[in-house]
Amino acid sequence: YFLSPIESVQLNGVGKKVVLGGVSAIKKTIHLTLKQVTKKLSTQDRAQLADYINGLMMQLRQSRRFPTFIAVPIHGELRTRLGNAVLQGKAQSPASVKDDYAVALCELIDVAVDAYMHQPIRMLKMGMVMNKIALVAADTIQAAAHTVVRKVMHSMNDKEMMAMFEFSESILYQPAQQKAA
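Residues numbered from 1 in each chain as written. Predicted model: local features only at pLDDT ≥ 70, side-chain atom pairs only at ≥ 80, totals over all residues. Heavy atoms only, no water.

**Student:** I'd like a description of the packing of helix 2 (residues 13-38) against helix 6 (residues 128-155), backed by residues and values.
**Tutor:** Remark: helix 2 packs on helix 6, axes separated minimally by 9 Å, with the N-to-C direction vectors making an angle of 170 degrees. By the angle between their directions, the pair helix 2 and helix 6 is classed as roughly antiparallel. Every residue of helix 6 that contacts helix 2 at V14, G15, V18, V19, G22, I26, T29, I30, T33, Q36 and V37 is listed here: M130, I133, A134, A137, T140, I141, A144, A145, V148, K151, V152 and S155. In the contact of helix 2 with helix 6, the residues fall into 15 nonpolar, seven polar and one charged. (Axes fitted to C-alpha atoms, helices over the stretch in contact; angles between N-to-C directions. Helix = DSSP H or I, 4+ residues; strand = E, 2+ residues; numbered from the N terminus. Parallel < 35°, antiparallel > 145°, perpendicular 65-115°, else oblique. Contact = heavy atoms within 4.5 Å. Nonpolar A, V, L, I, M, F, W, Y, C, P; charged D, E, K, R; others polar.)

Structural data, given as structure tokens:
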């Protein structure tokens, strides 16, 4: 969510610094937590976690040339709010939708953190201490990601925002069978 846009958006210096600092903190939290939590998991829990993560993997096309993505479903209302913010920002002024767009991106982060962290935490049989460590890490990652979005959005100029809109549209994949429905 954060590193790909830096290059495609050609983010300003302040924005780059905020993103790289936030991503560094998030990665450290993830690595420390995973290292601590996974070594305590049973073989059965590891298998259940692997199955869950495999269920999130999606290929856009059946080909080795195209990458596999980790994807989570988002509700239609969020997709609509993100789409409307992008359309309004492109039609009028990107600055006019910065707050609404940032709120929608933060909600997208919430959905991702729930799918990538909270749901696996709920399904694993961890002790009270490991469960608390994992929950605190998830909440820390979520808060850091929200902070990055809010700070970066307000540092972006119109050209950067337009490029960010393009990136947003590219990550909102909708399978063909759902489009037809």
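**Student:** Outline a nonpolar patch on the surface, listing residues and values.
**Tutor:** On the surface, a cluster of nonpolar side chains totalling about 330 Å² of accessible area is made up of I53, M57, I70 and Y116. For I70, the location among the structural elements is in strand 2 (residues 68-70). Look at I70 and you get partly exposed, because its relative accessible area is 40%. (Patch = residues over 30% accessible without salt bridge, like charges linked within 9 Å, V, L, I, M, F, W, Y side chains within 5 Å. Areas by Shrake-Rupley, 256 points an atom, 1.4 Å probe, with all protein chains shown as cover. Salt bridge = Lys/Arg side-chain N within 4 Å of Asp/Glu carboxyl O. Buried < 20%, exposed > 50% of the residue type's maximum accessible area, 1.4 Å probe, protein only.)

**Student:** With reference to specific residues and values, describe the packing of aromatic side chains.
**Tutor:** Going through the model one piece at a time under the given rule, you end up with one aromatic pair. Ring plane angle 90 degrees and centroid distance 5.1 Å describe the contact between Y101 and F165, whose orientation is recorded as edge-to-face. Taken together, the residues Y101 in helix 5 (residues 98-123) and F165 in helix 7 (residues 158-171) connect sequence positions 64 residues apart. Among the residues examined, Y101 registers a relative accessible area of 0% and is labelled buried. (Phe/Tyr/Trp six-rings, centres within 6.5 Å; stacked < 30°, edge-to-face > 60°.)

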